[in-house]
Amino acid sequence: MEQNRSKCTELIIGIDATNLRQGGGLIHLIELLRAAKPADHGIGKVLVWGGSCTLSAVENRPWLRKIQPSELDKGVFSRTLWQRFKLSEAARNAGCHLLFVPGGSYAGSFRPVVTMSQNLLPFEMQELRRFGWSLITMRLLLLRWTQSRSFRVADGVIFLTEKARDRVLNVTGALSASTKVIHHGLNDQFRMAPKAQHPISDYRLDNPYRLLYVSIINQYKHQWHVVDAVSRLRRDGLPVVLDLVGPAYPPALTRLNHTIARLDPEGLWVRYHRAKPYSDLHRIYEQADLGVFASSCETFGQIVTEKMSAGLPIACSSRSSMQELLGDAASYFDPEQPEDIARILRELIGSPQLRAEKAHAGYLRAQQFSWQRCATETFAFLAGFMTHVSACLPRDDKDALGTS
């Protein structure tokens, strides 16, 4: 104990990246560790356990050690067994003072442990019903149970928004864990000053006004309602096109394709581009005129913060955490009502001044989302749990332990 107190910089945090393999969870890990300055919080070493693809995506740092158990390059069953039965022992043997589990689910014996809620979908029963009786429904219900249990036994839980925390606690009940809301950050590649906004009369069918919706094609993303809404604008003679970008859940893609075949059978104004690399997204935003986002369930909404940072005016769903993030920097619609989506799009498209105001407000609001801030708040929160060496920690880190 005395030895630990005398060597503040030797504090060690372990990170469980067992199930961080793609998507927002992996991006969070990459950006968090890229921006982190653990020494500012009395932390000398960070260990990350993950599969080869995950670890190869994480940049090397002098204080970072990547550990790749062979089980983590196998199937989900092998990964789950390793996390359940071997992670705690590995963390103890490595001398960790705390284990951070950003993936959310944890069933080991190591303490203290801080986990993180990055997926609101399992906690929204209305959204789960959209999948019917399917394997994904079973998986999400299992995730609801495992994460609820993890949050109840954790020493600390990080949430991405106040709205997400409220919805999760509505399912789990009050937690004994300390909680903290920490927003994700933004990569600087997305920061682009808002464009000049021109009247719609400046656009033509051969030089159309471009609407952009980036997200996975899924049951709660409602891309088909957006297609319906844009078809109404086209019937009104507005020279608009819709670009859809993202991977797809097959049943939802089938529904989307049926809608496109019915409303745009010649493929004139709806373009589905499938998934694009994260490193290319800023170029896609740069080519757009207006961002659309119609999700009814979002833990955070990374895509809308990217669109704000890219200087786009935004038409957005009024559901979930969207208004908490965007404030007055967007115009809102009911994502399940095509006529309401069309109404908001008409308002924005018809008013260059309104578009300019929303784009400017969003661009300024996006400045608060930085990975440096996310990393600082996260490591301060983690450091606050290492009470046996608290005398060595800066006062800001001691104060980080608690609810917000």
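Preceding this paragraph is the structure being described.
Every value quoted in this text rests on a predicted model; they were computed, and no experiment measured them.

Novice: Provide a residue-level description of the overall build of the protein, including the pertinent values.
Specialist: Within the protein one finds 17 helices and 13 strands. At 22 Å, the protein has a C-alpha radius of gyration in line with the 22 Å of a compact globule built from 404 residues. C-alpha extents for the protein along the principal axes are approximately 75 × 45 × 40 Å. With 404 residues in all, the protein has 56% of them scored as buried. For the protein, long-range pairs separated by at least 24 residues make up 68% of all intrachain contacts whose partners lie at least 6 apart in sequence. In the form shown here, the protein has an accessible surface area of approximately 17,200 Å², with 50% of it arising from carbon and sulfur atoms. Mean positive and mean negative side-chain charge positions of the protein (49 and 39 charges, respectively) differ by 5 Å.

Novice: Tell me about the pairing of strand β2 (residues 43-49), and please be specific about residues and values.
Specialist: Across the seven residues of β2, five count as buried, placing the element largely inside the fold. In the sheet, strand β1 (residues 11-16) pairs with β2 via six bridges, with the strands oriented parallel. Paired with Ile12 across the strands is Lys45, a residue of β2. Read as a crossover between parallel neighbours, the route from β1 over helix α2 (residues 23-35) to β2 is right-handed. With four bridges connecting them, β2 and strand β3 (residues 64-67) associate as parallel partners. When the bridges of β3 are listed, Val48 appears paired with Lys66. Read as a crossover between parallel neighbours, the route from β2 over helix α3 (residues 52-57) to β3 is right-handed.

Novice: Go over the environment of Asp73, please, and point to the residues and values.
Specialist: Along the chain, the position of Asp73 falls in the loop between β3 and α4 (76-85). On the basis of relative accessibility, which here comes to 35%, the residue Asp73 falls in the partly exposed class. Sequence separation between Asp73 and Gly50 is 23 residues; the distance between their C-alpha atoms is 8.3 Å. Once residues within four sequence positions are removed from consideration, Asp73 is found in contact with Gly51, Ser52, Cys53 and Gln68. Within polar-contact distance, the side chain of Asp73 engages the backbone nitrogen of Ser52 at 2.9 Å.

Novice: Explain the pairing of β1 residue by residue, including any values.
Specialist: The buried fraction of β1 is high, at six of six residues. Side chains Leu11, Ile13 and Ile15 of β1 all project onto a buried face; the interleaved residues Ile12, Gly14 and Asp16 project onto the opposite face, where all are buried too. As defined by bridge partners, β1 adjoins strand β4 (residues 98-101) across three bridges and the pair is classed as parallel. Within β4, the residue paired with Ile15 across the bridge is Phe100.

Novice: Give me the sheet that holds strand β10 (residues 270-272): which residues, what numbers.
Specialist: Taken in spatial order, the six strands line up as β10-β9-β8-β11-β12-β13 in an open sheet, and their pairing is parallel. Unpaired on one side and paired on the other, β10 and β13 (331-333) mark the two borders of the sheet. Strand-to-strand twist across the sheet, computed as the mean angle between neighbouring axes with direction ignored, equals 20°. One ladder, built from two bridges, connects strand β8 (residues 209-214) with strand β11 (residues 290-293); its direction is parallel.

Novice: Please set out the pattern of salt bridges residue by residue, giving values where relevant.
Specialist: Tallying each qualifying case throughout the model produces 20 salt bridges. Between Asp206 and Arg204 there is a salt bridge; the shortest N-O distance is 3.0 Å. Residue Asp206 is classed as exposed on the basis of its relative accessible area, which comes to 64%. Arg319 serves as the salt-bridge partner of Glu336, at 3.1 Å between the closest nitrogen and oxygen. On the criterion of sequence distance, the pair formed by Glu336 in the loop between β13 and α14 (338-350) and Arg319 in the loop between β12 (314-317) and α13 (322-326) is long-range, its members being 17 residues apart. Judged by relative accessible area, Glu336 falls into the partly exposed class, the value being 25%. Taken together, the shared-partner salt bridges connect Glu127, Arg130, Arg319, Asp334 and Glu336 into one network.

Novice: How would you sum up the packing of aromatic side chains? Please name residues and give values.
Specialist: Here the distance between the centres and the angle between the planes together describe a pair of aromatic rings. Taken as a whole, this structure holds ten aromatic pairs when the rule is applied. For the ring pair Phe123 and Phe151, a centre distance of 6.2 Å and an interplane angle of 20° mean the geometry is stacked. Linking Phe123 in the loop between β5 (113-117) and α6 (125-128) with Phe151 in helix α7 (residues 135-153), this pair joins segments that are 28 residues apart in sequence. Exposure remark for Phe151: the relative accessible area of 0% places this residue in the buried category.

Novice: Tell me what's going on with unusual backbone geometry, and back it up with residues and numbers.
Specialist: Residue Pro112 follows Arg111 across a cis peptide bond; omega there is 0°. The topology assignment puts Pro112 in the loop between β4 and β5. A positive phi angle, near 60°, is found at His222, a position not held by glycine. Looking at where His222 falls in the secondary structure, it is placed in the loop between β8 and α9 (223-235). With a relative accessible area of 2%, His222 lands in the buried category. Despite not being glycine, Arg274 has its phi angle at roughly 60°, a positive value. Position of Arg274 among the secondary structure elements: in the loop between β10 and α11 (281-287).

Novice: Outline helix α12 (residues 302-309), supporting the account with residue identities and numerical values.
Specialist: For α12, a buried count of eight out of eight residues is recorded, marking the element as mostly surrounded by other parts of the structure. When α12 is considered as a whole, its buried residues turn out to be Gln302, Ile303, Val304, Thr305, Glu306, Lys307, Met308 and Ser309. Residue Gly311 follows α12 closely and has a positive phi angle near 80°.

Criteria and cut-off values
- Residues numbered from 1 in each chain as written.
- Predicted model: local features only at pLDDT ≥ 70, side-chain atom pairs only at ≥ 80, totals over all residues.
- Heavy atoms only, no water.
- Helix = DSSP H or I, 4+ residues; strand = E, 2+ residues; numbered from the N terminus.
- Rg over C-alpha atoms; globule rule 2.2 N^0.38 Å.
- Buried < 20%, exposed > 50% of the residue type's maximum accessible area, 1.4 Å probe, protein only.
- Contact = heavy atoms within 4.5 Å.
- Areas by Shrake-Rupley, 256 points an atom, 1.4 Å probe, with all protein chains shown as cover.
- Lys, Arg positive; Asp, Glu negative; His and termini not counted.
- Charge placed at Lys NZ, Arg CZ, Asp CG, Glu CD.
- Pairing = 2+ DSSP bridges.
- Right-handed = clockwise from strand over helix to strand, strands pointing away.
- Polar contact = N/O pair within 3.5 Å; in protein donor to acceptor, adjacent residues only side chain to side chain.
- Axes fitted to C-alpha atoms, helices over the stretch in contact; angles between N-to-C directions.
- Salt bridge = Lys/Arg side-chain N within 4 Å of Asp/Glu carboxyl O.
- Phe/Tyr/Trp six-rings, centres within 6.5 Å; stacked < 30°, edge-to-face > 60°.

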